[in-house]
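Commentary on secondary and tertiary structure
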Amino acid sequence: MAAGRAFLCAPCSSLAAGARRLAFAPPSRALAPALRRGGRCVASVSSSPNAASAPEPYVLTTPLYYVNAPPHMGSAYTTIAADAIARFQRLLEKQVIFITGTDEHGEKIATSAEASGRIPKEHCDTISNSYKMLWADLDIEYDKFIRTTDRKHEAVVNDFYSRVLNSGDIYRADYEGLYCVSCEEYKDEKELVENNCCPVHLKPCVPRKEDNYFFALSKYQHKLEELLTRNPDFVRPSHRLNEVQGWIKSGLRDFSISRASVEWGIPVPNDTKQTIYVWFDALLGYISALLDDGEQASLQQAVDRGWPASLHLIGKDILRFHAVYWPAMLMSAGMSVPDAVFGHGFLTKDGMKMGKSLGNTLEPNDLVERFGADAVRYFFLREVEFGNDGDYSEERFINIVNAHLANTIGNLLNRTLGLLKKNCRSTLAFDAIAAADGGSFRDNVENLVNKAKHHYENLLLSSACETILEIGNFGNLYIDEQAPWSCFKQGGESAEKAAKDLVIILETMRIIAIALSPITPSLSLRIHTQLGFTKDQFRVLRWEDTKWGGLKAGQVMMEPKPVFARIETETEDEAQASSKATKRGKKACSKGLVEA
Ligand code: MSP
């Protein structure tokens, strides 16, 4: 057993070639976990006898964001989605390691630092911090934040470079081509648009000639094909797999992994005149992030902390780096490849990718300030089917958020609590199980909850939101049909039935709060608190708790208070009257925030 694991771990020995064969080809999903444990080398290096039985971590990553400019809504989108997935996996009781961070080296960053009149490190500190602040405002709960200027990262990159060098996959050569600084990538002429412009950034690519170190990507063509054949789920959603297969089939060219002209980077080991290409540096951040601060910084140590990743979440523009370059680099270093790479679509404005380079961005701080984190998170995850592009419109934002969060969910809770206060002194008269006994309501809710779980598991975040909203619609329909307000007036059995109906709706709200908590964590906390639970009880909830029966007779509910305030918009008359004010920036506003 130990030999098998050591076999996978041996970095650059003669065993490494065999190790690579094993590491990049998980035979099936069912066998993958065992292989992954082997690949992570936990047992071979750990002195703990229990290491082999340690639970498999769920390692989820966002891209490491360039610090050429502060975050915009496009960059926030990946992180919001990742946070929702991480929260869902935590509800399933997985040991989640959610990694995000900033990509701080390279020409693009050096140029933006110079433009801001700061030395690169100072510039990086400021912008990296603006990411951290936005993540806090958006309720993002990451476990690790890696900066590629961290010392531990540099050590990991050096180790990795040495492994690839020892595999014989690095050589020196001249290169001449057209370079897009925004992509930090040499481009093929055939992919460029008019005037040699990059198709993503619409800026002219510049001719470059350099003496560089190259990575022998072409050697991995066959192995990459094999990886995708054996594990088509490696690239998701499935339509992106065809794209990746197409790139590989059309032939892989070696790529340069150093820059002679860029000072702001990690020096190439044994040749300090060159720095390591920013992608050959940044991708390693997914591994160096696993190290705890202050522990010995080495590639092996980081790998032992949880590599390989379960899921890399990225935008479609950086799919080639993650689904072609990265697995080949890992194979070369004798390491396991991640389980999956998911390439989502773009947030667009007027059909164009929203981005720092095009300058057509949407300010996430402004949206959060005006509408609150829940509204922003909900809108983008509900509105854009994860994997496709989606256009932003403020009108649609307000309509969706008001209809779903304020009306369907917020109003249902508020009016039910109002009725309970008026007729039952805010106290539940029945257990949820007894209240729903004999009816089909509970079965319907449970079926929808299972459906939502299935959607989350398959990263269909918009469908998960839709299904949870269906539960809310179902509750609204039920209360309208049963009309407990008039049953209370009739007294006797009717009033008893009405008291049961209120419990049914409140139990439904409890379930909605848990099921929606990966998307709208603060709103879910407010709902749960209104149902008489504490913050601590909210923090330890699991998906298991969506089972019908959490509310018990005697539980006292809080004073009804709106959990989500409608976003108020001006009427046409008001808009006309205040058109001048509007020009000065008067806007629709609500934070969607009401204290629990
Ligand atoms: N630094 C690299 C990633 C290195 S990962 C080892 C990078 N950074 S980036 O800041 O330019 O982009 C980060 C992510 O934001 C990418 O996944 C990109 O697709 C995403 N988005 C940037 N603009 C976007 C939209 N308009 N819409 C959705 N996502 C977009 O690439």
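Attention in this report is confined to the structure presented alongside it.

Rules and cut-offs
Residues numbered from 1 in each chain as written. Predicted model: local features only at pLDDT ≥ 70, side-chain atom pairs only at ≥ 80, totals over all residues. Heavy atoms only, no water. Helix = DSSP H or I, 4+ residues; strand = E, 2+ residues; numbered from the N terminus. Buried < 20%, exposed > 50% of the residue type's maximum accessible area, 1.4 Å probe, protein only. Contact = heavy atoms within 4.5 Å. Core = buried A, V, L, I, M, F, W, Y, C linked by side-chain atoms within 4.5 Å. Salt bridge = Lys/Arg side-chain N within 4 Å of Asp/Glu carboxyl O. Pairing = 2+ DSSP bridges. Phe/Tyr/Trp six-rings, centres within 6.5 Å; stacked < 30°, edge-to-face > 60°. Lys NZ or Arg CZ within 6 Å of the ring centre and 35° of its normal. Near = heavy atom within 4 Å. Polar contact = N/O pair within 3.5 Å; in protein donor to acceptor, adjacent residues only side chain to side chain. Patch = residues over 30% accessible without salt bridge, like charges linked within 9 Å, V, L, I, M, F, W, Y side chains within 5 Å. Areas by Shrake-Rupley, 256 points an atom, 1.4 Å probe, with all protein chains shown as cover. Disulfide = S-S within 2.5 Å. Axes fitted to C-alpha atoms, helices over the stretch in contact; angles between N-to-C directions. Parallel < 35°, antiparallel > 145°, perpendicular 65-115°, else oblique. Nonpolar A, V, L, I, M, F, W, Y, C, P; charged D, E, K, R; others polar.

As for the overall build of the protein
Each helix and strand counted, the protein has 26 helices and 16 strands in total. For the protein, buried positions account for 57% of its 596 residues. Long-range pairs, those at least 24 residues apart, make up 77% of the contacts in the protein with a sequence separation of at least 6.

Here we look at the nonpolar core
Within the largest apolar cluster, 177 residues are counted, with the highest numbers of intra-cluster contacts made by Phe160, Phe280 and Ile287. At 15 residues, helix H22 (residues 492-516) tops the list of elements feeding residues into this core. Once you skip the residues sitting within four places of it in the chain, Phe280 turns out to touch Phe160, Tyr161, Val164, Phe215, Phe255, Ile257 and Met329. Residues Leu178, Cys183, Leu192 and Cys205 belong to the second largest nonpolar core, which totals 6 residues.

Some points on the pattern of salt bridges
Counted by the stated rule, this structure contains 33 salt bridges. The closest approach of N and O atoms between Asp188 and Arg253, which form a salt bridge, is 3.0 Å. On the criterion of sequence distance, the pair formed by Asp188 in the loop between strand S5 (185-187) and strand S6 (206-215) and Arg253 in the loop between helix H10 (238-249) and strand S8 (255-256) is long-range, its members being 65 residues apart. A salt bridge links Arg396 to Glu383; its shortest N-O distance comes to 2.6 Å.

Description of the sheet that holds strand S1 (residues 57-66)
Pairing is parallel across the open sheet formed by 6 strands, whose spatial order is S3-S2-S1-S12-S13-S7. Of all strands in the sheet, those with a lone pairing partner are strand S3 (144-147) and strand S7 (235-236), marking the two edges. As defined by bridge partners, S1 adjoins strand S12 (residues 311-315) across 2 bridges and the pair is classed as parallel. Residue pairing for S12: Thr61 is matched across the bridge by His312.

Quick look at the packing of aromatic side chains
Any aromatic ring pair is given by two values, namely how distant the centres are and how the planes are angled relative to each other. Taken as a whole and judged by the stated rule, the model has 34 aromatic pairs. Consider the rings of Tyr175 and Phe214, whose centres lie 5.6 Å apart with planes at 45°: the pair is tilted. Of the two residues, Tyr175 sits in strand S4 (residues 170-180) while Phe214 sits in strand S6, which places them 39 residues apart along the sequence. Here Tyr175 matches Phe214 in class, with each residue buried. Its end group placed over the ring of Trp247, Arg320 keeps NZ or CZ at 4.7 Å from the ring centre. Above the plane of the ring of Phe430 lies Lys500, whose end atom (NZ or CZ) is 5.1 Å from the centre.

Examining the site of the ligand
By nearness alone, 24 residues border the ligand, and Asp103, Gly315, Asp317, Leu347 and Met354 come closest of all. At 3.2 Å from an oxygen atom of the ligand is found a main-chain nitrogen or oxygen belonging to Tyr66. Taking Gly74, its main chain carries an N or O atom lying 3.2 Å from a nitrogen atom of the ligand. At the level of elements, S1, helix H5 (73-91), helix H11 (278-282) and S12 are the ones that each hand at least two residues to the shell around the ligand. Counting residues per element, the shell around the ligand draws most heavily on S1, which supplies 4 residues.

Notes on a nonpolar patch on the surface
A contiguous nonpolar patch, built from Val193, Leu202 and Met352 and spanning about 230 Å² of accessible area, is present on the exposed surface. Inspection of the secondary structure puts Val193 in the loop between S5 and S6. Judged by relative accessible area, which is 38%, Val193 ranks as partly exposed.

Remarks on the sheet that holds strand S9 (residues 258-259)
The strand order S9-S11-S10 describes an open sheet built from 3 strands, whose pairing is antiparallel. The strands lining the two open edges of the sheet, one partner per strand, are S9 and strand S10 (267-268). In the sheet, S9 pairs with strand S11 (residues 271-276) via 2 bridges, with the strands oriented antiparallel. Considered in S11, the bridge of Arg259 is made with Thr275.

Here we look at the side chain of His72
Structurally, the position occupied by His72 is in the loop between S1 and H5. A distance of 2.9 Å separates a polar atom in the side chain of His72 from the backbone nitrogen of Gly74.

Quick notes on the state of the cysteines
Should the sulfur atoms of two cysteines be covalently bonded, the bond is a disulfide. Within the structure shown, the criterion is met by 0 disulfides. Looking at the unpaired Cys205, the closest cysteine sulfur is the one in Cys180, lying at 4.9 Å. Its relative accessible area of 6% is what places Cys205 among the buried residues.

Structural notes on the packing of helix H15 (residues 364-371) against helix H16 (residues 373-383)
Contact pair H15 / H16: the axes reach a minimum separation of 7 Å and the direction vectors enclose 120°. The orientation of H15 with respect to H16, classified from their angle, is oblique. On the side of H15, the interface is formed by Leu367, Val368 and Phe371, while H16 contributes Ala373, Ala375, Val376 and Phe380. Each residue belonging to the contact of H15 with H16 can be placed in one class, and the counts come to 7 nonpolar, no polar and no charged.

A look at the packing of helix H6 (residues 107-115) against helix H7 (residues 120-137)
Relative to each other, H6 and H7 sit at 95°, their axes nearing to 9 Å. Our classification of the angle between H6 and H7 gives roughly perpendicular. Contacts between H6 and H7 involve Ile109, Ser112 and Ala113 from the first element and Pro120, His123 and Cys124 from the second. Residue classes in the contact of H6 with H7 are distributed as 4 nonpolar, 2 polar and no charged.

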